[in-house]
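So the chains spell out like this:
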Amino acid sequence: MRLFVNALASVMILAIGGFTFFVFGQKPEIPKEPDRDGDGAALVRTVEVEQFDGQFEINLDGEASSYRVLTIGTEVEGRIIKKSEKARSGQFVSEGDLLFQIEDISYRLEVDRIQAQLAQTDEEIRALNVDMDNQATLISLAEEDLELKRRNLQRVERLRQREATTDTDLDNERAKELASRNQLRVLQNELRSMTQQKQTKLASREVIAATLKQAELDVERCRIVAPITGRIVDEIVEEGDHVQVGTDLVHISDGSRMIIRCELEAAQLAWIWEQQTAGVAQAAPSDELTAIDPIRLKPVPCEIVYEFGGVETIWSGMLDRFEGAGLTKETRTFPCRVLVSDPEQTRVESSQGAKLNFRIPTLLSGMYVTVRIPISITSSLMSVPIEAVRPGGKLWVSRDGQLQILPVTVARTIADRAIIRDLTSNLSVGDRIVVSPLAAVADSMPIREEQAAESASLDSESLAPSSDENSL
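Residues numbered from 1 in each chain as written. Predicted model: local features only at pLDDT ≥ 70, side-chain atom pairs only at ≥ 80, totals over all residues. Heavy atoms only, no water.

In this section: the nonpolar core. Core analysis: the largest hydrophobic core is formed by 32 residues, its most contacted members being Ile260, Leu264, Ile304, Leu319, Leu363 and Ile373. The set of elements that each furnish at least two residues to this core consists of strand E4 (56-66), strand E13 (258-264), helix H4 (266-277), strand E14 (300-308), strand E15 (311-322), strand E16 (334-340) and strand E18 (368-375). Not counting the four nearest positions on each side in its chain, isoleucine 373 is found in contact with Phe56, Glu57, Ile58, Leu60, Leu264, Ile272, Val300, Pro301, Cys302 and Leu319. By size, the runner-up hydrophobic cluster in this structure holds 26 residues, among which are Val93, Cys222, Ile224 and Leu249. (Core = buried A, V, L, I, M, F, W, Y, C linked by side-chain atoms within 4.5 Å. Buried < 20%, exposed > 50% of the residue type's maximum accessible area, 1.4 Å probe, protein only. Helix = DSSP H or I, 4+ residues; strand = E, 2+ residues; numbered from the N terminus. Contact = heavy atoms within 4.5 Å.)

Printed below as a string of structure tokens:
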């Protein structure tokens, strides 16, 4: 039994080996070379290199986000006594709408206290004004008294010169004049002191007035309103919470503008820079801005597309700026931002006749969209069928009955066409390139074009005599 099993296994192994050899061991079929003429020239099919004058689009994946998100915080301390329903997450608010009300009793009392202090200071200033007026009157009387004393002293001096009076009388008059002058000086000093006191009171009043403005501002800050028109992103506090200065209350997203975050590859950015160099881009910055930032991205018009249910909703945007200091290390791409100035202005397109029973009202944060950047290059770009580009980026060009292998740069592919950027000027519009396959290719090998061969055969048939002519 064991011998029978071994024999059966050997036969099965041989059968499997024979079947495998029969299926996979056949000699591969060698591609047949195209028909050759008497000179050994291969018959090939060629097409003409065309000038590419059209436009194409650069498509980028992007994500919509708010142009800015404001954090609304408290500027005073207190307890929240009212929270508006508009302060709830997802609600749309307009500029000036009430969001929160903080208890303001203590702040109003502080305003009353400072107002009373300010009124007291005003009364003190008015009292100083009265005292200064009275002092000025006393100074005027003292000046008249001093003038009388001086005249009397002059008379006594003249009498003393004529020896009509004594030295004692002269000294008495001098003492009276000195006392009157001293009294005037005292009154003047008191007036200057009152003037200085008034200036001090006025400065103190300015301080109190500024304190009053601060207190009134604190009362106003107890009423927290929306600074912009937008949508509430999230809510942090509730009615009854006690908040400190600087506590975050809510975040508001500015919906008047939106930005699209996307990234440009180096080749895509090169197309944009080339277009701008050619003068196609609009709204170019001034030379002063370019001198300040030499790699500043000039605004480029583009489209933002959101596809839903086979229908495309399109917004107009502007490729506005780079983000960051350069390339992203992880992806080696240029992060950039597209600005949508009017997120509510849309148009709808459908290539397959699809229709929606509603319209997307606005560009929403978090939407994954496609950014289309139209490119129009006026430089020499050529178009060839995509099958004409051989591995390694080479073209087989037919020139003077010979095949020449030219390296080319494929800028991009559009549908079934390859856009060629010839940097070496070896290829030009009107050249004929080989599109048919060849088993073996060598530079300067003889070829004959299929169109030329067909026309030659037609010419020979037209020149050959007909059977009727031969019969004649």
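In this section: the packing of helix H2 (residues 105-161) against helix H3 (residues 167-221). Interaxial distance between H2 and H3 falls to 7 Å at its minimum, and their mutual angle equals 165°. As the angle between them shows, H2 and H3 are arranged roughly antiparallel. Every pair of crossing elements has a handedness; the one defined by H2 and H3 is left-handed. For the contact of H2 with H3, the class distribution of residues is 24 nonpolar, 11 polar and 24 charged. (Axes fitted to C-alpha atoms, helices over the stretch in contact; angles between N-to-C directions. Parallel < 35°, antiparallel > 145°, perpendicular 65-115°, else oblique. Left-handed = near helix turned anticlockwise from the far one by under 90°. Nonpolar A, V, L, I, M, F, W, Y, C, P; charged D, E, K, R; others polar.)

Here strand E20 (residues 394-399) pairs with strand E21 (residues 402-407) via 6 bridges, running antiparallel. Residue pairing for E21: lysine 394 is matched across the bridge by proline 407. The antiparallel hairpin formed by E20 and E21 contains 2 residues in its connecting segment, where aspartate 400 sits at a positive phi of about 55°. Note that E21 and strand E25 (residues 445-449) share 2 bridges and pair antiparallel. Across the sheet, residue leucine 403 finds its bridge partner in E25, namely methionine 445. (Pairing = 2+ DSSP bridges.)

Moving on, we come to a nonpolar patch on the surface. A surface patch of nonpolar side chains, about 590 Å² in accessible area, is lined by Met1, Phe4, Val5, Leu8 and Met12. In this structure, leucine 8 sits in helix H1 (residues 2-24). (Patch = residues over 30% accessible without salt bridge, like charges linked within 9 Å, V, L, I, M, F, W, Y side chains within 5 Å. Areas by Shrake-Rupley, 256 points an atom, 1.4 Å probe, with all protein chains shown as cover. Salt bridge = Lys/Arg side-chain N within 4 Å of Asp/Glu carboxyl O.)

With respect to topology, 6 strands assemble into an open sheet ordered E1-E25-E21-E20-E24-E2, the strand pairing being mixed. Where the open sheet ends on each side, the last strands, each with one partner, are strand E1 (42-44) and strand E2 (46-48). Averaged over all neighbouring strand pairs, the angle between strand axes comes to 50°, with direction disregarded.

Counted by the stated rule, this structure contains 3 aromatic pairs. When the centroid spacing of 6.4 Å and the interplanar angle of 40° are considered together, the rings of phenylalanine 52 and phenylalanine 56 count as tilted. Phenylalanine 56 shares its class with phenylalanine 52; the two are buried. Between phenylalanine 322 and phenylalanine 334, the ring centres sit 6.0 Å apart and the planes meet at 45°, which makes this aromatic pair tilted. One end of the pair, phenylalanine 322, is in strand E15; the other, phenylalanine 334, is in strand E16, with 12 residues separating them in the sequence. Pairwise contacts between aromatic rings join Phe52, Phe56 and Trp271 into one cluster. Across the ring face of tyrosine 67, the terminal group of arginine 257 is positioned such that the distance to the ring centre comes to 3.9 Å. (Phe/Tyr/Trp six-rings, centres within 6.5 Å; stacked < 30°, edge-to-face > 60°. Lys NZ or Arg CZ within 6 Å of the ring centre and 35° of its normal.)

Overall, the coordinates contain 29 salt bridges when judged by the stated rule. A salt bridge links glutamate 238 to lysine 83; the nearest nitrogen and oxygen atoms lie 3.2 Å apart. With a gap of 155 residues between them, glutamate 238 in the loop between strand E10 (230-235) and strand E11 (242-243) and lysine 83 in strand E6 (residues 78-83) connect regions that are remote in the sequence. On the accessibility criterion, glutamate 238 (34% relative accessible area) is partly exposed. Each of Lys83, Arg88, Glu235 and Glu238 takes part in a single network of salt bridges with overlapping partners.

Another aspect to go through is the pairing of E13. Extensive coverage of E13 is indicated by the burial of 5 of its 7 residues. Bridge count for E13 against E16 is 7 bridges, and the pairing is antiparallel. When the bridges of E16 are listed, glutamate 263 appears paired with proline 335.

We now examine unusual backbone geometry. Phi at aspartate 400 is positive, roughly 55°, even though this residue is not glycine. Looking at the secondary structure, you find aspartate 400 in the loop between E20 and E21. Taking the relative accessible area as the measure of exposure, aspartate 400 reaches 81% and is therefore exposed. The phi torsion at serine 444 lies on the positive side, around 70°, for a residue other than glycine. Relative to the helices and strands, serine 444 is located in the loop between strand E24 (432-434) and E25. For serine 444, a relative accessible area of 40% corresponds to the partly exposed category.

Of note, glutamine 101 is situated in strand E8 (residues 98-102). Engagement of the side chain of glutamine 101 in a polar contact is seen with the backbone oxygen of cysteine 222, the distance being 3.4 Å. With near-sequence residues (within four places) excluded, glutamine 101 lies in contact with Arg79, Ile80, Ile81, Lys82, Cys222 and Arg223. (Polar contact = N/O pair within 3.5 Å; in protein donor to acceptor, adjacent residues only side chain to side chain.)

Further remarks concern the environment of proline 335. Along the chain, the position of proline 335 falls in strand E16. Taking the C-alpha atoms as reference, proline 335 lies 7.4 Å from arginine 261; in sequence the two are 74 residues apart. When near neighbours in sequence (up to four residues on either side) are disregarded, proline 335 contacts Cys262, Glu263, Phe322, Glu323, Gly326 and Thr328.

Tracing the backbone through its elements, the reader meets threonine 195 in helix H3. Note: C-alpha distance between threonine 195 and asparagine 129 (66 residues apart in sequence) is 8.7 Å.

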